[in-house]
Amino acid sequence: MQPPIITTSLQGDSQTLSIQKPASGLSLLGRIRVPGDKSISHRALMLGAIASGETTIEGLLLGEDPRSTAKCFSLMGAQISELNAERVIVRGVGIGNLEEPIEVLDAGNSGTTMRLMLGILASHPGRFYAVTGDSSLRSRPMSRVIKPLQQMGAQIWGRKSNSLAPLGVLGQQLKGIHYHSPIASAQVKSCILLAGLMAEGETTVTEPALSRDHSERMLRAFGAKLSVDPETCSVTVTGGAQLQGQNVIVPGDISSAAFWLVAGAIVPGSELVVENVGVNPTRTGILEALEMMGADIQLQNQREAAGEPVADILVRTSSQLRGCTIAGDLIPRLIDEIPILAVAAAFASGTTIIRDAAELRVKESDRLAVTAAELNRMGAQITELPDGLEITGGTPLTGTDVDSYTDHRIAMSLAIAALNASGKTTIHRAEAAAISYPDFTATLQQVCHQN
Ligand code: S3P
């Protein structure tokens with residue numbers, strides 16, 4: 001009898017996920033779907049909540065992060081039907097009409113919820129909002145959005161000289177500014193644009209490289225007046241907008257598909273099709289990086305759904321991945337995929353260098369430190385750089401005990417590494433995956449075929 005490939009166990013709230021490749025080997029086969037895009041799900045709930053009329057959302061991510069967004073906006077008067085992936089209906093309050101909630105708004109683990117919501121709250125004159133999050137979010141920098149909001153006239157208080165949650169916001173009539181962001185961050189850009197919806201005059205954000213543009217696409221669809229200058233990576237929104245509820249179709253999340261793309265590329269004898277994945281060009285850096293590494297990936301059935309490009313993605317095992325350099329403007333286009341790219345690099349020949357990625361230190365965990373530490377426990381050769389990783393590929397990995405550090409993307413990256421390691425890997429605090437991918441283990445079980 002072969003031992004089971006995948007087992008889970010619960011200790012209190014904490015789940016461990018154990019993965020052991022059978023002696024005969026395994027392959028990954030099948031056609032799968034990944035849950036809805038996290039970034040688009042947050043934005044659909046938020047714009048639906050502040051628009052007039054009804055918004056319907058198909059394909060919403062049912063992970064913990066969008067649930068935090070839905071809870072916060074429900075507390076401020078938006079009527080949001082029970083969350084399900086088929087169809088969620090949001091009855092918005094109309095712009096400027098969010099109520100002052102009696103409770104603290106809890107963004108949980110979600111940086112997107114907290115940062116985007118701050119832009120909306122800061123522009124509701126005379127209303128007071130208290131905002132917090134879990135222990136990870138309470139240690140993540142909020143000054144990157146608080147400072148530009150203060151330049152617009154916002155009043156926000158928080159720990160450590162107004163830089164960390166819990167935060168208090170007293171809404172004001174804001175004024176438009178031109179903000180030159182020092183970082184390419186869609187959360188910063190979106191926060192300021194959302195504040196700009198109710199500000200006097202025009203609000204422009206210029207970033208050093210283009211970050212994901214889901215806010216721009218959706219704001220336009222909801223009726224905001226918005227202009228984009230791709231040459232200078234600038235977006236301008238005109239204050240005084242009226243937003244009208246829309247039908248939003250959320251494509252599958254390319255950041256979740258990335259786990260299967262790497263898994264299919266590294267596990268021998270695999271062939272996977274991930275259907276209905278969002279392939280917005282501001283998010284497809286992962287496809288370009290895997291292509292540079294020599295992965296066998298094809299886009300099929302390319303189409304558009306509610307203003308976002310979508311495709312099915314076929315991956316077959318690569319004969320040999322090779323190391324590459326990932327840096328510069330590519331980084332914001334694959335910012336969330338660096339832990340799983342590090343797994344691909346650990347199985348590639350030669351050295352992979354990742355640079356210009358210091359942002360990873362302030363994600364749900366310090367992803368540079370944690371990726372290096374946990375994959376090195378399995379035998380990888382990864383050196384941390386101040387702003388990236390140097391990965392010498394090709395040394396075989398061996399299963400052992402590893403930890404997610406409660407970071408969803410770390411939990412799933414370690415699970416994919418385990419598929420190609422010898423022996424048993426046990427991932428502690430694996431429940432973190434539910435932040436963005438509640439069915440991750442079920443899909444893993446579905447695609448794993450013993451040889
Ligand atoms: C997100 C933007 C990115 C990304 C995060 C989601 C968004 O963060 O890492 O998972 O939805 O705007 P930054 O904008 O801070 O890089």
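Residues numbered from 1 in each chain as written. Predicted model: local features only at pLDDT ≥ 70, side-chain atom pairs only at ≥ 80, totals over all residues. Heavy atoms only, no water.

### Let's talk about the pattern of salt bridges
Under the defined criterion, the tally for this structure stands at 25 salt bridges. With its nearest N and O atoms 2.8 Å apart, the salt bridge here joins Asp 37 to Arg 283. Of this pair, Asp 37 sits in the loop between β3 (26-33) and α1 (38-50) while Arg 283 sits in the loop between β16 (271-278) and α9 (285-292), and the two are 246 residues apart along the sequence. Since its relative accessible area comes to 2%, Asp 37 is described here as buried. With its nearest N and O atoms 2.9 Å apart, the salt bridge here joins Arg 361 to Glu 384. Placement of Arg 361 in the loop between β20 (351-354) and α11 (367-377) and of Glu 384 in strand β21 (residues 381-385) is noted, with a sequence separation of 23 residues between them. Residue Arg 361 is classed as partly exposed on the basis of its relative accessible area of 26%. The partly exposed category is assigned to Glu 384, whose relative accessible area is 37%. Because the salt bridges share partners, they merge into one network encompassing Arg 140, Arg 212, Asp 336, Glu 364, Arg 367, Asp 407 and Arg 409. (Salt bridge = Lys/Arg side-chain N within 4 Å of Asp/Glu carboxyl O. Helix = DSSP H or I, 4+ residues; strand = E, 2+ residues; numbered from the N terminus. Buried < 20%, exposed > 50% of the residue type's maximum accessible area, 1.4 Å probe, protein only.)

### Considerations on unusual backbone geometry
Ala 165 connects to Pro 166 through a cis peptide bond whose omega is 0°. Relative to the helices and strands, Pro 166 is located in strand β10 (residues 164-170). Located in the positive-phi region is Cys 233, a residue other than glycine, with phi close to 55°. The backbone of Arg 429 shows a phi angle near 55°, a positive value even though the residue is not glycine. Accessibility expressed as a relative area gives 31% for Arg 429, which makes it partly exposed.

### Thoughts on the domain arrangement of the protein
With domains assigned, the protein is organised as domain 1 (6-35 + 251-450) and domain 2 (38-249). Across the contact, 27 residues belong to domain 1 and 25 residues belong to domain 2. The contact between domain 1 and domain 2 buries some 2200 Å² in all, and 51% of this surface belongs to carbon and sulfur atoms. When residues of domain 1 are sorted by the area they lose upon contact with domain 2, Thr 282, Glu 364 and Ile 435 head the list and together hold 24% of the total. Inspection of the region where domain 1 meets domain 2 yields three salt bridges. Summed over the shared surface of domain 1 and domain 2, the number is 13 residue pairs in polar contact (both at pLDDT 80 or more). Secondary structure elements with two or more residues in the side of domain 1 that touches domain 2: β18 (308-316) and α12 (408-419). (Domains from an automatic or database assignment. Contact = heavy atoms within 4.5 Å. Buried area = accessible area lost by both parts, 1.4 Å probe. Polar contact = N/O pair within 3.5 Å; in protein donor to acceptor, adjacent residues only side chain to side chain.)

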